[in-house]
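# Breakdown of the fold
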Amino acid sequence: MTSHDSYTSPGPPWAASRRSPSKTARSSSADGGAFASPRGHAASSGGQAAEPVIWDTAATGPRRIDEHQAKKITAETTRRYQRAAAAFVQWLDEHDMKPNGAAEWDDLLVEHKVEHPELSRATFLGTLAAVEWFFPRFRHQLSWSHAVVQGWFQSGETRHTVPLCFRQAALLAVFLSSEGLPRLGAALLTQVRLGLRPSELLPLQREDTVLPHRWGGPEGQQNFVIGLGRRTGTKVKRAQYSLLRPNDEPAASLFGRVVLATNSGHLFPFTQPFLARWLKVLEDRLRISVGWTPHSGRAGFATDRIGEGWSFTQVKEAGRWISDSSLRTYVDVIQASRIDVQWKVSGLEQLQSRALAQIDVYFPKSIFDAAAGLEARRGRHLSPARPVDQTVRAA
């Protein structure tokens, strides 16, 4: 028996507050303070250092989430863990259960799933991840729960991410520029050509990039070097990088212009919900229904590369996928072909080709400057309701 198995668990730390162990273990989602963030109240304290969460046990005294552990994930991820765990915590409370040690937590996670057949795989995974995050010593000890997840993946039908391939992304980028969002358009093209995750793309800052020599970078530098995960980490828990070659047009030139127009701070100052809303808006404007998400550009990268003849291993390495099974959910050549057919039937193929041929018209000089704003789109509207041969026009 290890030392941490020798006392009764105080209950999940996400439900922690400065109370006695029995009250902490009985905390439920109905309690307003039950799901306090391990980062404390930094968000409401003007950016001051967050006070760590503390929960007490009679046997060993206070327990705290270490500040360096808390910094490994964002506050939003912490809130997501809390939401995922809320139903499980409530279920424990309702049955007056106080699990002791990793084995009992493992048993009860599976029992909770069995009692709730409507539970989705994503929800169960989120709950499991939350338990392992708030109890770091439980990692690699919840073997039954992980076996359930593995079997769930093997027995279930693979759910593919709808791909947004390059040529379609180019037309969406033109639409976004015509709506006063040229940086969001450049972000889409960058994602499709590099296979970036939304969590890698949107936090990018000027300081994360190194320009090629011909763009003003150091002598001998041939490509754009993009540092990933410098602040929030990556899937492999370390900083990574991606290379964008200058001849990968139009993504490279647009990305380079965004970098040069940014003195400091974010290159693409948008959130994932904002990107998701605009993808839906663009589907409505184009009068199609495909179901693009913020991950669709990454799926488009994988699907495009397989279609170009890249091997599965090459795509996996270039896109920094950890597992083969994860990559397979992003490669969907069949769905991409269906979208191509829908594209043609809707009369968008010609519109797409002409927009690509005159993409500089919709991304003129200085459009990425902060002062350009919405005025940069005047006279450059692109509407699918207009005849194709009259849609794209010079500035």
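Look a little higher up for the structure.
Overview of the structure. Residue numbers restart at each chain and count upward from 1, following the sequence in its written direction. Where totals are concerned, whole chains, interfaces and linings use all residues; where local detail is concerned, this predicted model gives features only for residues with pLDDT of at least 70, and gives and counts side-chain atom pairs only at 80 or more. With hydrogens and water excluded, all non-hydrogen atoms of the structure serve as input to the side-chain values.

Only DSSP runs of H or I reaching four residues or more are called helices, and only runs of E reaching two or more are called strands; each is numbered from the N terminus. Helix and strand counts for the protein chain stand at 18 helices and five strands. Looking at the protein chain residue by residue over its 395 residues, the buried ones come to 46%. Considering only contacts in the protein chain between residues 6 or more positions apart, those separated by 24 or more positions represent 66%. Each accessible area value is a Shrake-Rupley result obtained with a 1.4 Å probe; residue values ignore everything except the protein chains displayed when judging cover. Put simply, the protein chain shows about 19,800 Å² of open surface, and 51% of that area lies on carbon and sulfur atoms. Exposure categories follow from relative accessible area, calculated using a 1.4 Å probe and restricted to protein chains: below 20% of the type maximum is buried, above 50% is exposed, and the middle band is partly exposed. Contacts are assigned to residue pairs with any non-hydrogen atoms lying within 4.5 Å of each other.

Let's shift gears to the pattern of salt bridges. One speaks of a salt bridge when a side-chain nitrogen belonging to Lys or Arg is within 4 Å of a carboxyl oxygen belonging to Asp or Glu. A full pass over the atoms with the stated rule returns eight salt bridges. One connected set of salt bridges, linked through shared partners, spans Arg197, Glu200 and Arg320.

It is worth spelling out unusual backbone geometry at this point. Pro250 follows Glu249 through a cis peptide bond whose omega is 0°. Inspection of the secondary structure assignment puts Pro250 in the loop between β5 (240-244) and α10 (251-260). Although it is not a glycine, Arg287 adopts a positive phi angle of roughly 60°. Structurally, the position occupied by Arg287 is in the loop between α11 (272-286) and α12 (296-307). Looking at Arg287, the relative accessible area reads 63%, which means it is exposed. Of note in the backbone geometry, Arg320 takes a positive phi value of approximately 60° without being a glycine. Note on Arg320: relative accessible area 7%, which makes it buried.

At a minimum axis separation of 11 Å, helix α3 (residues 75-94) and helix α4 (residues 101-115) run at an interaxial angle of 100°. It follows from the interaxial angle that α3 and α4 lie roughly perpendicular. For the pair α3 and α4, contact is made by Ala87, Phe88, Trp91 and Leu92 and by Trp105, Leu108, Leu109, Glu111, His112 and Glu115, respectively. Each residue gets one of three labels, nonpolar for Ala, Val, Leu, Ile, Met, Phe, Trp, Tyr, Cys and Pro, charged for Asp, Glu, Lys and Arg, and polar for the others, Gly among them. Of the residues contributing to the contact of α3 with α4, the split by class is seven nonpolar, one polar and two charged. Between the N-to-C directions of two axes lies an angle of 0 to 180 degrees, each axis being a line fitted to C-alpha atoms and, for a helix, fitted only over the stretch in contact. The scheme is simple: roughly parallel for angles under 35 degrees, roughly antiparallel for over 145, roughly perpendicular for 65 to 115, oblique for anything else.

A separate point is the nonpolar core. Only buried residues count toward a nonpolar core, which is a set of Ala, Val, Leu, Ile, Met, Phe, Trp, Tyr and Cys residues joined through side-chain atoms within 4.5 Å. Of all hydrophobic cores here, the largest spans 57 residues; its most connected members are Leu189, Phe268 and Trp292. Looking at this core, the elements with two or more residues in it are α7 (166-178), α8 (182-194), β4 (224-228), α10, α11, α15 (333-345), α16 (348-357) and α17 (359-362). Here this core takes nine residues from α7, the largest share from any one element. Setting aside residues no more than four positions away along its own chain, Phe268 makes contact with Arg183, Ala186, Ala187, Thr190, Leu201, Leu202, Leu204, Phe255 and Val258. Within the second largest apolar cluster, 17 residues are counted, among which are Leu92, Trp105, Leu119 and Phe135.

With that out of the way, let us pick up the environment of Trp292. Structurally, Trp292 can be placed in the loop between α11 and α12. Among the residues examined, Trp292 registers a relative accessible area of 6% and is labelled buried. For Trp292 and Val162, which are 130 residues apart along the polypeptide, the C-alpha to C-alpha distance reads 5.8 Å. Excluding its chain neighbours within four sequence positions, the residues that come into contact with Trp292 are Val162, Pro163, Leu164, Gln168, Leu172, Leu279, Glu283, Ile339 and Trp343.

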